[in-house]
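# Analysis of the macromolecular model
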Amino acid sequence: MTEVKLAVLGGSGAGKSALAVRFLTRRFIGEYASNAECIYTKHLCLDGRQIHLEIYDPCSQPQRGKLSLTDELHWADGFIIVYDISDRASFAFAKALLYRIRESHIGACKKMVESSVFLVGNKQDLCHMREVGWDEGQKLAIDNKCQFCELSAAEHYQEVVAMFTKVLRNITLNFKVKEKRRPSGSKSMAKLINNVFGKRRKSV
């Protein structure tokens, strides 16, 4: 069984929790406690391969001040960066997140960076309140060599599934290309997960 660790990151109110839960359970829940963090776990089959998926959903990160992703960068195999198309501040925060991830990959394989990061403009159902254009999201993704889409966690279940599936497929392809995997059973990794990400763990 292949283990995949995915971090869903974004500013407060961007809808990252709603996006993760929509994918995992089909349900849309509009409000979440912003001070809670958890790891969702799920077993699924992708292209005939059994996958044990862990999705890390952190508590909302401050959109001001120094941005640190040290633990997430060491833990995750891939990232979904979420912003709200009706909130320009969340787009600016997504840009900062992408810069931090790209900075950490200096000297790494370009293909790895491209495949493991996905930028998502959420709340497409609020187009009448749009503050961030589709072309702005696309340009940001191109500049950071990552993939991009706009969708609505509230209304577009199939598009949410398609996006997550694409991310997972790219990560598993990376495993084949790199032929290198961090030992998930190591004591140091277990300690990292328990200490940093072990606040709340949900199996769905």
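Read on for an overview of the structure. (Residues numbered from 1 in each chain as written. Predicted model: local features only at pLDDT ≥ 70, side-chain atom pairs only at ≥ 80, totals over all residues. Heavy atoms only, no water.)

### Looking at the overall build of the chain
Within the chain, the regular secondary structure consists of 7 helices and 7 strands. When the helices and strands of the chain are listed from N to C terminus, the series reads β-α-β-β-α-β-α-α-β-α-β-α-α-β. For the chain, buried positions account for 49% of its 204 residues. Contacts spanning at least 24 positions in sequence make up 77% of the contacts within the chain whose residues lie at least 6 apart. When the accessible area of the chain is evaluated, it comes to approximately 10,200 Å², of which 51% is carbon and sulfur surface. (Helix = DSSP H or I, 4+ residues; strand = E, 2+ residues; numbered from the N terminus. Buried < 20%, exposed > 50% of the residue type's maximum accessible area, 1.4 Å probe, protein only. Contact = heavy atoms within 4.5 Å. Areas by Shrake-Rupley, 256 points an atom, 1.4 Å probe, with all protein chains shown as cover.)

### Description of the side chain of T2
You can see T2 is positioned in strand β1 (residues 2–10). Classification of T2 as buried rests on a relative accessible area of 14%. In this structure, T2 is in contact with R49, Q50, I51, H52 and F175, ignoring residues within four places of it in sequence.

### Remarks on helix α5 (residues 134–143)
Residues of α5 that are buried include every one of G137, L140 and A141, and no others. Buried residues of α5 fall within an arc of 100 degrees about the axis and therefore sit on the same side. Exposed residues lying more than 90 degrees from the buried face of α5 are D135, K139 and I142. The secondary structure elements touched by the buried residues of α5 are β4 (78–84), α3 (88–104), β5 (117–122) and β6 (147–150). (Arc of directions from axis to C-beta.)

### Describing the pairing of strand β2 (residues 38–46)
In the sheet, β2 pairs with strand β3 (residues 49–57) via 9 bridges, with the strands oriented antiparallel. Bridging from a neighbouring strand, L44 pairs with I51 of β3. In sequence, β2 turns back onto β3 through a hairpin of 2 residues, with D47 there showing a positive phi of about 55 degrees. (Pairing = 2+ DSSP bridges.)

### Regarding the environment of L168
Within the secondary structure layout, L168 lies in helix α6 (residues 157–178). If we skip the residues at most four places from it in the chain, L168 touches V4, F23, L44, L46 and L53.

### Notes on the environment of Q147
For Q147, the position within the fold is in strand β6. The sequence separation of Q147 and S116 amounts to 31 residues, and the corresponding C-alpha distance is 8.8 Å. Looking at Q147, its side chain comes within polar contact range of the side chain of K166, at 3.5 Å. (Polar contact = N/O pair within 3.5 Å; in protein donor to acceptor, adjacent residues only side chain to side chain.)

### Here we look at the packing of α3 against α5
Packing of α3 against α5 leaves a shortest axis separation of 11 Å and a crossing angle of 10 degrees. As far as their axial angle goes, α5 and α3 are roughly parallel. Contacts from R88, F91, K95, L98 and R102 in α3 reach E136, G137, L140 and D143 in α5. Class assignment of the residues belonging to the contact of α3 with α5 gives a composition of 3 nonpolar, 1 polar and 5 charged. (Axes fitted to C-alpha atoms, helices over the stretch in contact; angles between N-to-C directions. Parallel < 35°, antiparallel > 145°, perpendicular 65-115°, else oblique. Nonpolar A, V, L, I, M, F, W, Y, C, P; charged D, E, K, R; others polar.)

### Examining the packing of aromatic side chains
By the definition in use, this model includes 4 aromatic pairs. Centre to centre, the rings of Y83 and F91 are 4.9 Å apart; their planes meet at 70 degrees, and the pair counts as edge-to-face. Take Y83 and F91: they sit in the same class, and that class is buried. (Phe/Tyr/Trp six-rings, centres within 6.5 Å; stacked < 30°, edge-to-face > 60°.)

### Quick word on unusual backbone geometry
Phi at D47 takes a positive value of approximately 55 degrees, unusual for a residue other than glycine. Residue placement: D47 occurs in the loop between β2 and β3. For D47, a relative accessible area of 57% translates into the label exposed. Positive phi, close to 55 degrees, is recorded for K145, a residue that is not glycine. In this structure K145 comes out as partly exposed when scored by relative accessible area, which is 42%.

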